[in-house]
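Examining the three-dimensional arrangement
Listed below, chain by chain, are the residues.
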Amino acid sequence: MSIEDKGRHAADDAIGKGKEAAGKATDNEKLENEGKADQVGAKVGKAGDAIKDAFHKATDH
């Protein structure tokens, strides 16, 4: 796992929050839902990163 992955997940989360907010502000349900989906994807990626970190620490890699 790399710092780039962590940065990408953080960026995806921020973009998702922006899309969700823009969708709410413009009453665009599709954009709002797209933003929520982006955030879920980012959370899954962050969880995967945490698992990888824990594995590497446990195995001293």
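Residues numbered from 1 in each chain as written. Predicted model: local features only at pLDDT ≥ 70, side-chain atom pairs only at ≥ 80, totals over all residues. Heavy atoms only, no water.

**Re the side chain of Asp 13**
Position of Asp 13 relative to the elements: it lies in helix H1 (residues 3-25). The contacts of Asp 13, once residues within four sequence positions are left out, are Gln 39, Ala 42 and Lys 46. (Helix = DSSP H or I, 4+ residues; strand = E, 2+ residues; numbered from the N terminus. Contact = heavy atoms within 4.5 Å.)

**Things to note about the environment of Lys 30**
Within the secondary structure layout, Lys 30 lies in helix H2 (residues 29-59). Note on Lys 30: relative accessible area 64%, which makes it exposed. Along the backbone, Lys 30 and Glu 20 are 10 residues apart, and their C-alpha atoms lie at a distance of 9.2 Å. (Buried < 20%, exposed > 50% of the residue type's maximum accessible area, 1.4 Å probe, protein only.)

**Focus on the pattern of salt bridges**
In this structure the tally under the stated criterion is 8 salt bridges. Notably, a salt bridge pairs Asp 53 with Lys 6, separated by 3.2 Å at the nearest N-O pair. You can see Asp 53 sitting in helix H2 and its partner Lys 6 sitting in helix H1, a full 47 residues away along the chain. Of the residues examined, Asp 53 reaches a relative accessible area of 23% and is grouped as partly exposed. (Salt bridge = Lys/Arg side-chain N within 4 Å of Asp/Glu carboxyl O.)

**Details of the environment of Ala 42**
Structurally, Ala 42 is set in helix H2. The exposure class assigned to Ala 42 is buried, which follows from its relative accessible area of 0%. The spacing of Ala 42 and Ala 14 is 28 residues in sequence and 9.1 Å in space, taken between C-alpha atoms. Non-local contacts of Ala 42, meaning those with residues more than four positions away in its chain, are made with His 9, Asp 12 and Asp 13.

**A few points about H2**
Its 31 residues give H2 an end-to-end C-alpha distance of 45 Å, which sits within 8% of 45 Å, the value for a rise of 1.5 Å per residue. Buried residues of H2: Glu 32, Gly 35, Gln 39, Ala 42, Gly 45 and Asp 49, and no others. Buried positions along H2 lie against H1. Capping of H2 at its N-terminal end is provided by Asn 28; its side-chain oxygen lies 3.2 Å from the backbone amide nitrogen of Lys 30. Where H2 ends, the next residue or the one after it, Asp 60, has phi of about 55°, a positive value. (Expected span 1.5 Å × (residues − 1). Polar contact = N/O pair within 3.5 Å; in protein donor to acceptor, adjacent residues only side chain to side chain.)

The values are spatial; any link to function lies outside them.
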